[in-house]
Amino acid sequence: MNELVTRVAENIGIDPATAEKAVGMILGFLQREAADGPVAQMIEAIPGASELIAQYNGEGTGGGGLLGGLMSAIGGGGVMALGQQLMSQGLGMGEITGLAKETIAFAKEKAGDDIVDEVVASVPGLSQFV
């Protein structure tokens, strides 16, 4: 997992601790939201992904204050809720988009294009960010 975190930190220009947390949050989101079969294959193919998800999966979920509660109530969770969680970590939209692209590119290197494309296609709205 260090390889992905280092790559994200260097290419996006964020500190490694933030990169690690953000990658864990993204992978946890995918594990919850994407089609079970393909996402399980993808996570298994990324060294250290399961540990990172276990560490950061609950971060920023379940609540998110008034805005998070309203978004959940009107069905606006999903990708938008993940974006809010990442912004609460101090990341801007450009950094979040870069982070998503780097994470997906790395996943494709490890798990293959077909599996990762299935994961992305199974999450409404995700394809516009990656």
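The following refers to the structure shown. (Residues numbered from 1 in each chain as written. Predicted model: local features only at pLDDT ≥ 70, side-chain atom pairs only at ≥ 80, totals over all residues. Heavy atoms only, no water.)

Counting its secondary structure elements, the protein contains eight helices and zero strands. Residues classed as buried in the protein amount to 43% of the 130 residues present. Sequence separation of at least 24 residues holds for 71% of the intrachain contacts in the protein that already meet a minimum separation of 6. Carbon together with sulfur atoms contributes 51% to the accessible area of the protein, which is approximately 6400 Å² in total. (Helix = DSSP H or I, 4+ residues; strand = E, 2+ residues; numbered from the N terminus. Buried < 20%, exposed > 50% of the residue type's maximum accessible area, 1.4 Å probe, protein only. Contact = heavy atoms within 4.5 Å. Areas by Shrake-Rupley, 256 points an atom, 1.4 Å probe, with all protein chains shown as cover.)

With that out of the way, let us pick up the layout of surface pockets. Here the second largest pocket defines a volume of roughly 230 Å³. Residue assignment for the lining of the second largest pocket shows that the elements contributing at least two residues are helix H2 (16-33), helix H6 (78-87) and helix H7 (93-111). Among the residues making up the lining of the second largest pocket, the classes are represented as 15 nonpolar, three polar and no charged. (1 Å grid on protein atoms, 1.4 Å probe; cavity = no way out; pocket = protein on both sides within 12 Å on 5 of 7 lines; lining within 4 Å. Points joined across faces, edges and corners; volume = space filled by probe spheres on them. Nonpolar A, V, L, I, M, F, W, Y, C, P; charged D, E, K, R; others polar.)

Those residues of H6 that sit buried are Val79, Leu82, Gly83, Gln85 and Leu86. Down the axis, H6 shows its buried residues gathered within 160 degrees of arc, on one side only. Looking at the buried residues of H6, the elements they touch are H2 and H7. (Arc of directions from axis to C-beta.)

Along the chain, the position of Asn11 falls in helix H1 (residues 2-12). A relative accessible area of 48% means that Asn11 is categorised as partly exposed. In this structure, the C-alpha to C-alpha distance between Asn11 and Glu95, residues 84 residues apart in sequence, is 9.7 Å.

Evaluation of the coordinates by the stated rule reveals four salt bridges. A salt bridge links Arg7 to Glu102; the shortest N-O distance between them is 2.9 Å. Of this pair, Arg7 sits in helix H1 while Glu102 sits in helix H7; the two residues are 95 residues apart in sequence, bridging distant segments of the chain. Of the two residues, Arg7 and Glu102, both sit in the buried class. Two residues, Lys108 and Asp117, come together in a salt bridge whose shortest N-O distance is 2.9 Å. Residue class for Asp117 comes out partly exposed when judged on its relative accessible area of 37%. (Salt bridge = Lys/Arg side-chain N within 4 Å of Asp/Glu carboxyl O.)

One way to put it is that H1 packs onto H2 with a least axis distance of 8 Å and a crossing angle of 115 degrees. Where H1 crosses over H2, the two elements pack in a sense that is right-handed. Residues Leu4, Val5, Val8 and Ala9 of H1 lie in contact with H2, whose contacting residues are Pro16, Ala19, Glu20 and Val23. Taken together, the residues of the contact of H1 with H2 sort by class into seven nonpolar, no polar and one charged. (Axes fitted to C-alpha atoms, helices over the stretch in contact; angles between N-to-C directions. Left-handed = near helix turned anticlockwise from the far one by under 90°.)

Quick look at the nonpolar core now. One recurring pattern in soluble globular proteins is that nonpolar side chains are buried together. Judged by nonpolar contacts, the single largest core of 40 residues is most densely connected at Val8, Leu30, Met42, Leu86 and Leu99. Contributions of two or more residues to this core are made by H1, H2, helix H3 (36-45), helix H4 (49-56), H6, H7 and helix H8 (113-121). A per-element tally of this core places H2 first, with eight residues. Look past the residues within four positions of Val8 in its chain and what remains in contact with it is Gly13, Ile14, Ala19, Val23, Leu99, Glu102 and Thr103. (Core = buried A, V, L, I, M, F, W, Y, C linked by side-chain atoms within 4.5 Å.)

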